[in-house]
Amino acid sequence: MFEPEIETMPVKELKELQLERLKATVKYCYENVPFYRKKFKEAELRPEDIKSLEDLAKIPFTVKDDLRDHYPYGILAKPLKEVVRFHSSSGTTGIPTVVGYTKKDISTWARLMARGLATAGVTSDDIVQVAYGYGLFTGGLGFHYGCEELGAATIPAGGGITPTKRQIQILKDMHSTVLCCTPSYALYLAEEARKEGIDPERDFSLRIGIFGAEPWSEATRKKIESALNLRAHDVYGLSEIWGPGVGMECEAREGLHVWSDHFIMEVIDPESGEVLEPGEKGELVFTTLTREAMPLLRYRSRDISVVDVEPCECGRTHPRMLRVLGRSDDMLIIRGVNVFPSQVEHVLMRIPGIGDHYQIIVDRDILDVLRVKVEVTPEVFSDKLAELEALRRRVEEELAAVLNVGAKVELVEPGTIPRTPGKAQRVVDLRKGKI
Ligand code: DLL
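Cut-offs and rules
Residues numbered from 1 in each chain as written. Predicted model: local features only at pLDDT ≥ 70, side-chain atom pairs only at ≥ 80, totals over all residues. Heavy atoms only, no water. Pairing = 2+ DSSP bridges. Helix = DSSP H or I, 4+ residues; strand = E, 2+ residues; numbered from the N terminus. Axes fitted to C-alpha atoms, helices over the stretch in contact; angles between N-to-C directions. Contact = heavy atoms within 4.5 Å. Near = heavy atom within 4 Å. Polar contact = N/O pair within 3.5 Å; in protein donor to acceptor, adjacent residues only side chain to side chain. Areas by Shrake-Rupley, 256 points an atom, 1.4 Å probe, with all protein chains shown as cover. Expected span 1.5 Å × (residues − 1). Buried < 20%, exposed > 50% of the residue type's maximum accessible area, 1.4 Å probe, protein only. Core = buried A, V, L, I, M, F, W, Y, C linked by side-chain atoms within 4.5 Å. Domains from an automatic or database assignment. Buried area = accessible area lost by both parts, 1.4 Å probe. Salt bridge = Lys/Arg side-chain N within 4 Å of Asp/Glu carboxyl O.

**Q** Explain the sheet that holds strand β20 (residues 427-429) to me, using residue names and the numbers behind them.
**A** The mixed open sheet is built from four strands, whose spatial order is β19-β18-β17-β20. Lying at the two open borders of the sheet, with one neighbouring strand each, are β19 (408-412) and β20. Within the sheet, the average angular offset between the axes of one strand and its neighbour, ignoring direction, is 20°. The pairing of strand β18 (residues 367-376) with β19 spans five bridges and is parallel. Looking at β19, one finds that Val374 is bridged to Leu411. Each of β17 (354-365), β18 and β19 touches helix α13 (residues 385-403); the most contacted strand, β19, lies at about 140° to it.

**Q** Describe the site of the ligand, and please don't skip the residues or the numbers.
**A** If you check the shell around the ligand, you find 19 residues, and the closest are Asp234, Val235, Ser239, Asp303 and Lys423. Separating a nitrogen atom of the ligand from a backbone N or O atom of Val235 is a distance of 2.7 Å. Between an oxygen atom of the ligand and a side-chain N or O atom of Asp303, the distance comes to 2.6 Å. In isolation the ligand has 610 Å² of accessible area, and contact with the protein removes 92% of it. Sorting the residues of the shell around the ligand by element identifies α6 (138-150) and β7 (231-238) as the ones contributing at least two each. In terms of residues, the shell around the ligand owes the most to one element, β7, which gives five residues.

**Q** Can you break down helix α5 (residues 103-119) residue by residue, with the values?
**A** In this model, α5 (17 residues) spans 24 Å end to end at C-alpha, consistent with the 24 Å of a helix rising 1.5 Å per residue. Among the 17 residues of α5, 13 are classified as buried, and the element is accordingly described as predominantly covered.

**Q** For the nonpolar core, give the residues involved together with the corresponding values.
**A** If you look at the biggest cluster of nonpolar residues, it comprises 65 residues, and the most contacted ones within it are Phe143, Ile210, Tyr236 and Phe286. Dropping the residues within four chain positions of it, Ile210 is found in contact with Leu117, Ala120, Val122, Tyr132, Phe143, Val178, Leu179, Cys180, Cys181, His233, Val235 and Met248. The next biggest cluster of nonpolar side chains, apart from the first, holds 27 residues, and it includes Ile354, Val380, Leu391 and Leu403.

**Q** Let's hear about the domain arrangement of the protein chain: which residues, and what values?
**A** As far as domains go, the protein chain holds domain 1 (1-327) and domain 2 (332-429). Summarising the inter-unit geometry, the C-alpha centres of domain 1 and domain 2 are found 29 Å apart. Opposite the 21 residues of domain 1 that make contact, domain 2 presents 18 residues. Buried area between domain 1 and domain 2, summed over both chains or domains, comes out near 1,500 Å², and the portion from carbon and sulfur atoms is 52%. On the surface where domain 1 and domain 2 come into contact, there are two salt bridges. With its nearest N and O atoms 2.6 Å apart, the salt bridge here joins Glu191 to Arg419. Across the contact surface, domain 1 and domain 2 share ten residue pairs in polar contact (both at pLDDT 80 or more). Of all the secondary-structure elements, those providing two or more residues to the side of domain 1 that touches domain 2 are α8 (183-195), α10 (218-228) and β14 (326-327).

Laid out in structure tokens, this is it:
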């Protein structure tokens, strides 16, 4: 463990620490961010009213639109001269979200990431290939600083700037032992390596993979593990709350530990906003406890998950969030039925003969039409037409059983669905503007 005393701190002590930090954060926000002062006044709330962790529920939520409404600097708690870095994420609305960091924020984040990397089993003896994008996206630099803080040999391979062939060469020649990238890119890397005749067991030295930034399933985990010969861990984070490192899977891989000394994690009903109990499925909400430049109170992530507060076999006392099940805003409504892209992935990845890449296309032709375009494996692609047709029908049947709405399935040739080094675009919604 990177910080054993904190990572295994008794829950009661962690809660006391959280309360102390929450009170300080609330006061800090009230005094330094006009946006929060206004919110508190509107809710007829004073910082002194927050006396217990339960009182957190009295504080209004912060949402992504609040950040956009104060674009670019309006939500900062520190003057610009104390800010040393910005990251930014673009959204569907066109106005990006800007996130600022002080020098202390950067070093806290590096320690947080180092703790997370160690939680996934990375040590200072490892050679870590960081293939997340460097730049405005938080993945590359977040991992980079964390690896260096841990003392691992860090290769800033980046995503997008370094061609996949070169990534493979680095994996091979520099004997990288840890690979960090999106799960979809890990699949793509594996596919390209296979084409080059590489046997990961013989030619690579990988032992751990740390994959996140987009949803993925247990079935995808198994595929990546066997294709790259490593042990895959899920990592969660969002730029508004620092970036990667909010949650990390430990050796037990039964949920991602979310660090209580830096965050308070709540789960709410996305419709009513009501706080739910551990074990109940809902939207994750985060309050930061140690950030200087951009503290956030009750930030709605839109990510749907379940919180587990039961003790973990690894000995860490910090609560866990289960693998993200979907986003409350990526839910598709198809002819009135709620469909989550993660459900589609779950069905596809367990059917033999189905490849790793797919796309969900939604269109409207009087009624909504759901189409799923999915690659087949090279072995299946050379099968007879009748066999392909049988496979296609099987995928349609299994999707219909899980989604409760019909989907038209199209099997396509391996390698035809676009690959990206970053987050995969799984959903294409063509309904916008159509009645
Ligand atoms: O994706 C930060 C990150 C970088 C996380 C590298 C992990 C690794 P954003 O670009 O702001 O930040 O996107 C945040 O991505 O709200 C989730 O919807 C999704 N997401 C992130 N990690 C996971 C994961 C980075 N492990 C948004 N599983 C979040 C599912 C994830 N979804």
